[in-house]
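Coordinates in review
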Amino acid sequence: MSQIDPIELPQTITSLEDISAYKDSLHKQIEQEEERIANKWNDLFHKEETMPQGKAQKFAKMLSLGTTMFDGMMLGWKLYRKYQEGAFILGRTKKKRK
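Below is a summary of the structure that appears in this document. The numbers attached to residues start from 1 for each chain and follow its sequence in the written order. The predicted origin of the model limits local features to residues at a pLDDT of at least 70 and limits the giving and counting of side-chain atom pairs to 80 or more, whereas totals for whole chains, interfaces and linings rest on all residues. Side-chain figures throughout are based on the complete set of non-hydrogen atoms in the structure, without hydrogens or water.

**Some points on the overall build of the chain**
Note the threshold: A run of DSSP states H or I qualifies as a helix once it reaches four residues; a run of E qualifies as a strand once it reaches two. Both are numbered from the N-terminal end. We call a residue buried when its accessible area falls under 20% of the maximum for its residue type, exposed when it is over 50%, and partly exposed in between, using a 1.4 Å probe and counting protein chains only. All accessibility values rest on the Shrake-Rupley procedure with a 1.4 Å probe; residue burial counts only the protein chains present in the view.
Per the secondary structure count, the chain includes three helices and zero strands. Counting from the amino terminus, the chain carries its helices and strands in the arrangement α-α-α. A total of 98 residues make up the chain; the buried ones form 6% of that total. With an accessible surface of roughly 9,900 Å², the chain has 60% of that area assigned to carbon and sulfur atoms.

**Section: the packing of aromatic side chains**
Centre-to-centre distance and the angle between the planes together describe a pair of aromatic rings. Operational definition: By convention, a stacked pair of Phe, Tyr or Trp rings (six-membered ring in the case of Trp) has centres within 6.5 Å and planes under 30 degrees apart, an edge-to-face pair has planes over 60 apart, and any other such pair is tilted.
Taken as a whole and judged by the stated rule, the model has two aromatic pairs. Both rings, one in tryptophan 41 and one in phenylalanine 45, keep their centres 4.4 Å apart while their planes meet at 45°; by these two values the pair is tilted. You can see tryptophan 41 and its partner phenylalanine 45 sitting in helix α1 (residues 16-45), four residues apart, about one turn around the helix. Residue phenylalanine 45 is classed as partly exposed on the basis of its relative accessible area of 49%.

**Points about a nonpolar patch on the surface**
Here is the rule: What makes a patch is a set of residues exposed beyond 30% relative accessible area and free of salt bridges, joined within 9 Å when like-charged and within 5 Å when nonpolar (Val, Leu, Ile, Met, Phe, Trp, Tyr). For this document, the term salt bridge refers to a Lys or Arg side-chain nitrogen within 4 Å of an Asp or Glu carboxyl oxygen.
The grouping of Leu9, Ile13, Leu16 and Ile19 at the surface amounts to a nonpolar patch, some 400 Å² of accessible area in total. Within the secondary structure layout, isoleucine 19 lies in helix α1. Overall, the relative accessible area of 42% leaves isoleucine 19 in the partly exposed class.

Okay, here's the thing in structure tokens:
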């Protein structure tokens with residue numbers, strides 16, 4: 001990782017122009033760092049997926065998507081059954097056990 005190069009405070013500040021120039025240089029450095037962070041964020045979280053090339057890759061991707069959907073449906077069904085057919089959502093009372 002690259003280190004941030006700090007902007008040195010001028011030896012003597014004698015006027016408002018010195019303060020303004022220092023402020024502008026700090027603002028420019030902050031903008032550069034924000035751009036660098038945004039680029040790294042996009043590289044980390046927004047990677048483009050390559051499209052499947054052959055029939056086997058397309059089939060494998062569809063199979064993976066199908067198993068993921070099935071797994072999600074099974075999880076939903078198990079949660080539905082565990083909480084007595086949606087009693088916590090619809091306001092129904094729980095079934096009494098014998």
